[in-house]
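Residue strings, one per chain:
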Amino acid sequence: MLETPELFADPPPSAPDLIVSTRGLTKRYGDLTALHPLDLDIPRGSIFGIIGPNGAGKSTTFGILATLLRPTAGSAQVCGTSPVDDPKKVRRRMGYMPDVMGVYERLRVDEYLEFHAAAYKVPRNEWSELIEGLLELVDLDVKRSSMVDDLSRGMKQRLSLARAMVHDPDLLILDEPASGLDPRARIEFRELLLQLQSMGKTILISSHILAELQQMCSDIAVIEAGTLLASGSPSAILEQLGGGRQVQVRFVGGETATYPAADESEQAALLRRLITEGQDVAEFTVVSQDLEDLFLRITEGIVQ
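Residues numbered from 1 in each chain as written. Predicted model: local features only at pLDDT ≥ 70, side-chain atom pairs only at ≥ 80, totals over all residues. Heavy atoms only, no water.

Draft legend 1. Broad picture of the overall build of the protein chain. If you tally the helices and strands in the protein chain, you get ten helices and twelve strands. The proportion of buried residues among the 304 residues of the protein chain is 46%. Residue pairs at least 24 apart in sequence account for 65% of intrachain contacts in the protein chain once pairs closer than 6 positions are excluded. Total accessible area computed for the protein chain in this model is approximately 15,100 Å², and 48% of it derives from carbon and sulfur atoms. (Helix = DSSP H or I, 4+ residues; strand = E, 2+ residues; numbered from the N terminus. Buried < 20%, exposed > 50% of the residue type's maximum accessible area, 1.4 Å probe, protein only. Contact = heavy atoms within 4.5 Å. Areas by Shrake-Rupley, 256 points an atom, 1.4 Å probe, with all protein chains shown as cover.)

Draft legend 2. Representation of the side chain of glutamine 157 in the model. When you line up the elements, glutamine 157 lands in helix H5 (residues 153-164). Judged by its relative accessible area of 4%, glutamine 157 is buried. Sequence-distant contacts of glutamine 157, that is, excluding residues within four places in its chain, are made with Met97, Met101, Glu176, Pro177, Ala178, Ser179, Leu181 and Phe189.

Draft legend 3. Quick peek at the pairing of strand E5 (residues 94-97). Burial of E5 is two-sided: the residues Met94 and Tyr96 facing one way and the residues Gly95 and Met97 facing the other way are all buried. Bridge count between E5 and strand E6 (residues 171-175): four bridges; the pairing is parallel. Its bridge partner lying in E6, methionine 94 is registered against leucine 171. (Pairing = 2+ DSSP bridges.)

Draft legend 4. Geometry of the sheet that holds strand E2 (residues 32-43). As summarised here, the arrangement of the three strands in space is E2-E1-E4, forming an open sheet in which the pairing is antiparallel. Whereas interior strands pair on both sides, the edge strands pair on one side only; in this sheet they are E2 and strand E4 (73-78). Neighbour-to-neighbour, the strand axes of the sheet open up by a mean angle of 15 degrees, direction not taken into account. Sheet topology places strand E1 (residues 18-29) next to E2; eight bridges connect them, and they run antiparallel. Bridged to leucine 18 within E2 is proline 43. (Axes fitted to C-alpha atoms, helices over the stretch in contact; angles between N-to-C directions.)

Draft legend 5. Expanded view of a negative patch on the surface. Judged by side-chain charge, Glu126, Glu129, Glu132, Glu136, Asp139 and Asp141 come together as a negatively charged surface patch. Note that glutamate 129 resides in helix H4 (residues 127-137). Residue class for glutamate 129 comes out exposed when judged on its relative accessible area of 66%. (Patch = residues over 30% accessible without salt bridge, like charges linked within 9 Å, V, L, I, M, F, W, Y side chains within 5 Å. Salt bridge = Lys/Arg side-chain N within 4 Å of Asp/Glu carboxyl O. Lys, Arg positive; Asp, Glu negative; His and termini not counted. Charge placed at Lys NZ, Arg CZ, Asp CG, Glu CD.)

Draft legend 6. Main features of the packing of aromatic side chains. Enumeration over the complete set of coordinates arrives at zero aromatic pairs. Across from the ring centre of tyrosine 29, 5.0 Å away, lies the NZ or CZ of lysine 27, which sits over that ring. (Phe/Tyr/Trp six-rings, centres within 6.5 Å; stacked < 30°, edge-to-face > 60°. Lys NZ or Arg CZ within 6 Å of the ring centre and 35° of its normal.)

Draft legend 7. Unusual backbone geometry, seen in detail. The phi dihedral of threonine 67 falls on the positive side, at around 70 degrees, and the residue is not glycine. For threonine 67, a relative accessible area of 12% translates into the label buried. Even without being glycine, lysine 121 reaches a positive phi, approximately 60 degrees. Within the fold, lysine 121 resides in the loop between helix H3 (109-119) and H4.

Draft legend 8. The arrangement of the packing of H3 against H4 in detail. In contact at an axis separation of 10 Å, H3 and H4 are set at 120 degrees when each is read in the N-to-C sense. The orientation of H3 with respect to H4, classified from their angle, is oblique. Here the hand of the crossing between H3 and H4 comes out right-handed. The residues of H4 that touch H3, namely those facing Val109, Asp110, Leu113, Glu114, Ala117 and Ala118, are Trp127, Leu130, Ile131 and Leu135. (Parallel < 35°, antiparallel > 145°, perpendicular 65-115°, else oblique. Left-handed = near helix turned anticlockwise from the far one by under 90°.)

Draft legend 9. Inspection of the confidence of the model for the protein chain at higher detail. Averaged over every residue, the pLDDT of the protein chain is 86; the share at 70 or more is 86%. Here residues 1-9 scores under 50 on pLDDT; set against residues more than four positions off or in separate chains, the count is 22 contacts. (pLDDT = per-residue confidence, 0-100.)

Draft legend 10. Up close: the pattern of salt bridges. On inspection of all chains with the given rule, the structure shows ten salt bridges. A salt bridge links aspartate 110 to arginine 144; its shortest N-O distance comes to 3.9 Å. With aspartate 110 in helix H3 and arginine 144 in the loop between H4 and H5, the pair connects residues that are 34 residues apart, well separated along the chain. Look at aspartate 110 and you get buried, because its relative accessible area is 6%.

Here's what the structure looks like:
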């Protein structure tokens, strides 16, 4: 039997600039807490990445937002609607791509999209133009009559994304969409997501390809063991968790020191100060941590 969520008295804000907002969102399975009280705000029009090791709570969060799981406590707003109170309305505004491809291999590509267009009650007279546009967008127009089973993994991922967009949702929730793709397919998929953002879509994505998330995400949340560690821009998170840009200085005589420097202006100011103080600087090297460094620290349990 499904648990009735203990909704908080104060629902999350439904401001026009937020497409997802959660307050105290929690999921428990008996004595196991899969998701601790989560407060998360996702700006409209952003590409928002969620990172964390396996079992961190990423898929649980996505499942709740996609109306597939009921929270044990807390509340959420997706496109201004509660996934618990009105799941059908949320599904009309949201497209979900799970971490399994979810394709029907005995259908042709166009039949697969027709099936989902019918499921979303898209008028039949719109199917042809809709499917043509989607296949062109995901670069599968030449595969329209191919069997889904004959597609490469990268093509199946793009087809799954087209399926998630068949009802023109405002929000796309993508759970590990680049998993198992080769480097070229990952690059093509990333470019496709950036194109969708330019079309006004908001994208919520999880991935273990952290370098790519850092390149394309405007905002990121870091989750470990069901707990939100930090959220914000990639640079702000690195700074918040002790990463970010640092400068390593080696002085004449071999002594070294490391200084924080958020940007090039601070680097220049640091160098001027050291010289003004009469320090003999032999080497001045910028050391920048990235999300992969942060991920390794998280999985080693260093970040608290």
